[in-house]
Amino acid sequence: MTYAPYPALRLRRTRASAWSRAMHAENRLSPSDFLWPLFVTEGAGVEEPIAALPGVSRWSVDLMVERAKDARDAGIPCLALFPNTQADRRSDDGAEALNPDNLMCRAIRAIKDAVPDIGILTDVALDPYTAHGQDGLLDDTGYVLNDATIDILIGQSLNQAAAGADIIAPSDMMDGRVGAIRAALEQGGHPNVQIMAYAAKYASAFYGPFRDAVGSRGLLKGDKKNYQMDPANGEEALREVALDLAEGADSVMVKPGLPYLDIVARVRDRFAVPVFAYQVSGEYAMIEHAAAAGAGDRDALILETLMAFKRAGCSGVLTYHALHAARLLNG
């Protein structure tokens, strides 16, 4: 394409006024772009601030309902729930994930009873339930077993769907789990429950505060590099996405977010499917600490980074800033 030369073309013309910048904006942020991750804990009337995530707390089920109302009122369409399972309910086999009255299921039911018009996305992986902090079952050498883990993940997915989850989000990165879960949901009477696959989840250094939030940091033995992706790889992410879509995923996720915007863009360009990104705990913490240190305006940093996800091609973003950002956009 040939463009007119300067001064016939001055790109600054359309930037000269606020109304013109708004008219020519290629991407826009809306509260409907956000999914709000929330941490649920035991008790009643309990709010537990998370030191590693300034401004983020764990909430008991009753107060989680209030957060759901806040989200609905702000125009946020979906909550992403994560349990802080008590130590005495963790085990090597993660059996608490199958308990129909576990913390996650009680939170799902309470929110759906009080705020039925908000979506609920549930994490499917065993790390909140295992005594060793890994996402699956271990063999004698400490290696995470793929197929045996999938059997538990199927049960966990059906348990959450029966409680009222709208979107099952397998974050474990076991091979073949999306197809197995999709088949189980169909056969189990849950054909309209969506699957948002953590298709490209990297073995990242940005997850530390999250592990504090769900109580697994001190428990984790070893690392997760034998099932989460190598940060060096991009083509492999496209293979992962292709496999998950072929197995029945309705949408896919890239995690973490900002360090992997190239992956988001490549997935969107290649597959033209709904792509979500998780602005993970380490990314959130960096913004909060940068703003606290005077390195930038907090609100501007939040909105600019969220816009970066939209520009890269995201259909939506899981972000701990969801409620604050939605209120900023709502004026």
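What counts as what
- Residues numbered from 1 in each chain as written.
- Predicted model: local features only at pLDDT ≥ 70, side-chain atom pairs only at ≥ 80, totals over all residues.
- Heavy atoms only, no water.
- Phe/Tyr/Trp six-rings, centres within 6.5 Å; stacked < 30°, edge-to-face > 60°.
- Helix = DSSP H or I, 4+ residues; strand = E, 2+ residues; numbered from the N terminus.
- Buried < 20%, exposed > 50% of the residue type's maximum accessible area, 1.4 Å probe, protein only.
- Lys NZ or Arg CZ within 6 Å of the ring centre and 35° of its normal.

Asks: Explain the packing of aromatic side chains residue by residue, including any values.
Replies: Evaluated as defined, the whole model comprises eight aromatic pairs. Their ring planes at 40° and their centres at 6.0 Å tell us that Phe39 and Phe82 sit as a pair that is tilted. Of the two residues, Phe39 is situated in strand β1 (residues 34–41) and Phe82 in strand β4 (residues 78–83); the sequence distance between them amounts to 43 residues. Taking 5.2 Å as the distance between ring centres and 90° as the angle between the ring planes, the aromatic pair formed by Phe82 and Phe210 counts as edge-to-face. In this pair, Phe82 is assigned in strand β4 and Phe210 in helix α6 (residues 208–214), connecting sequence segments 128 residues apart. The buried category is assigned to Phe82, whose relative accessible area is 1%. Under the relative-accessibility criterion, Phe210 is labelled buried at 12%. Every member of this aromatic cluster is reached through a ring pair, and the members are Phe39, Phe82, Phe210, Tyr278, Tyr284 and Tyr320. Positioned above the aromatic ring of Trp59 is the side chain of Arg67, whose terminal nitrogen or guanidinium carbon lies 4.4 Å from the ring centre. The ring of Tyr207 carries the charged tip of Lys201 above its face, separated from the ring centre by 6.0 Å.

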